[in-house]
Amino acid sequence: MQSGSHAIDGGMLVGGHDEGVLLPVAPAPTTLRPAATRRRTHTKKKSWLRRHARPIVAVLLMLLVLSPFLWLVQLAFKPAADIFEDSLLFVPTLDSFRSLLQGNFLKSFGNSLLVSTLSTGMSLLIGVPAAYALTRWQFKGRDRIALWILVTRMAPPIAFTIPFFLAYQYLGLQDTVIGLAIVYLTFNLAIVIWLMQTFFEAVPVALEEAAWIDGCGIWQAFWRITLPLSAPGLAATAVLCFIFSWNDFFYALILTRTNAITAPVAIVNFLQYEGWEWTKIAASGTLVMLPVIVFTVLVRTYLVRGLTAGGVKD
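Thresholds, definitions, all that
Residues numbered from 1 in each chain as written. Predicted model: local features only at pLDDT ≥ 70, side-chain atom pairs only at ≥ 80, totals over all residues. Heavy atoms only, no water. Buried < 20%, exposed > 50% of the residue type's maximum accessible area, 1.4 Å probe, protein only. Helix = DSSP H or I, 4+ residues; strand = E, 2+ residues; numbered from the N terminus. Arc of directions from axis to C-beta. Contact = heavy atoms within 4.5 Å. Core = buried A, V, L, I, M, F, W, Y, C linked by side-chain atoms within 4.5 Å. Axes fitted to C-alpha atoms, helices over the stretch in contact; angles between N-to-C directions. Parallel < 35°, antiparallel > 145°, perpendicular 65-115°, else oblique. Left-handed = near helix turned anticlockwise from the far one by under 90°. Nonpolar A, V, L, I, M, F, W, Y, C, P; charged D, E, K, R; others polar. Phe/Tyr/Trp six-rings, centres within 6.5 Å; stacked < 30°, edge-to-face > 60°.

Draft legend 1. A look at helix α5 (residues 161–171). Among all positions in α5, only Thr161, Phe164 and Tyr168 are buried. The buried side chains of α5 occupy one side of the element, clustering within an arc of 70° when seen end-on. Across from the buried face of α5, at angles greater than 90 degrees, the exposed residues are Ile162 and Tyr170. Elements that come into contact with the buried residues of α5 comprise α6 (177–202) and α10 (250–255). At the exit of α5 stands Gly172, carrying a positive phi of roughly 75°.

Given below as structure tokens:
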């Protein structure tokens, strides 16, 4: 008999050949191969990029689009002495906004607000019934009328400058708020009619027919059924008309002098012969953009299809 231990495949023999006991031996721990580890890490990176690629691209595009606005805003809060400094680190100040409040810019800002509101209200008052008539009523030459209304927006503003200027001198409407609102009405009316036609077409005719059966007239059905269902579209159209009137510079420059001067024209007064007042230009530009930003944010969720969907079941 021989004593000792001998290694055997799959275990170890303890003792001699005759009376030895075979004991199992635990296998050595295995480790992941480097290639498999790299493959798994690469897969995780691809999965992370796939999930976050769109948000990253959206943020980069947003920063790219907003970069002029952000640059203007930081310029408005810069001290006048540091206006041409490239550094983004500075002590913000409100001196440029204080100087605007002490000057005549608030009057121009109020004129812009009044003119844009009047023009938008008149455009909706005339354009909404016209759009409804062109949408619902069948008469000869309906398509031609709609086309000619759109053609009025195709001509450049400078083509109407001299006729408006001479007519306003004769009528005494030059340098007046109401005269400027009438001019804005000429190009806002086409916007209202064409946009509201689209929204009225989205409202099912069956809803108006049901109102007729209940005793409503044509205009009663319009005010009680069609117009409330088109309210989001009406708000969106009103905001667009307001923005176009608010941002106008050409007509306001030609047809106003001192009393009815608007905010975009008032900004030009800071471009003086002695030098340009950059901080005031940036501050006034920031204030002029605020109403447009607010109205845009308010109108972005208005969708008429969400209100009319499900109104009629076939």
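Draft legend 2. Fine view of the nonpolar core. Among the nonpolar cores identified, the biggest contains 20 residues, and Phe105 and Val288 are the most heavily contacted of them. Here the element with the most residues in this core is helix α12 (residues 278–299); it accounts for five residues. Look past the residues within four positions of Val288 in its chain and what remains in contact with it is Phe105, Phe109, Trp246, Ala263 and Ile267. Of all hydrophobic cores here, the second largest spans 18 residues; its members include Val128, Ala190, Ile191 and Leu227.

Draft legend 3. Spatial organisation of the packing of helix α3 (residues 105–136) against α6. Where α3 meets α6, the axes come as close as 6 Å, and the angle between the chain directions of the two elements is 40°. By the criterion of interaxial angle, the relationship of α3 to α6 is oblique. For the pair α3 and α6, the crossing hand works out as right-handed. Among the residues making up the contact of α3 with α6, the classes are represented as 22 nonpolar, seven polar and two charged.

Draft legend 4. Looking closely at the environment of Trp219. Here Trp219 shows up in helix α8 (residues 218–229). In this structure Trp219 comes out as partly exposed when scored by relative accessible area, which is 37%. Sequence spacing of Trp219 and Pro129 is 90 residues, and the spatial spacing of their C-alpha atoms is 9.5 Å. Residues within four places of Trp219 in sequence aside, it is in contact with Pro129, Tyr132 and Trp137.

Draft legend 5. Inspection of the packing of aromatic side chains at higher detail. Scanning all chains against the criterion turns up 17 aromatic pairs. When the ring of Phe164 is compared with that of Tyr251, the centres are 6.0 Å apart and the planes differ by 90°; the resulting orientation is edge-to-face. Placement of Phe164 in helix α5 and of Tyr251 in helix α10 is noted, with a sequence separation of 87 residues between them. Each of the two residues, Phe164 as well as Tyr251, counts as buried. Residues Phe200 and Phe222 carry aromatic rings whose centres are separated by 5.9 Å and whose planes lie at 70° to one another, so their mutual orientation is edge-to-face. Highlighted residues: Phe200 in helix α6 and Phe222 in helix α8, separated in sequence by 22 residues. An aromatic cluster of three or more residues is present, and its members are Phe160, Phe164, Tyr168, Tyr184, Phe187, Phe250 and Tyr251.

Draft legend 6. Quick look at unusual backbone geometry. Positioned with a positive phi, Asp175 is a non-glycine residue whose angle comes to about 60°. For Asp175, the location among the structural elements is in the loop between α5 and α6. Given a relative accessible area of 12%, Asp175 falls into the buried group.

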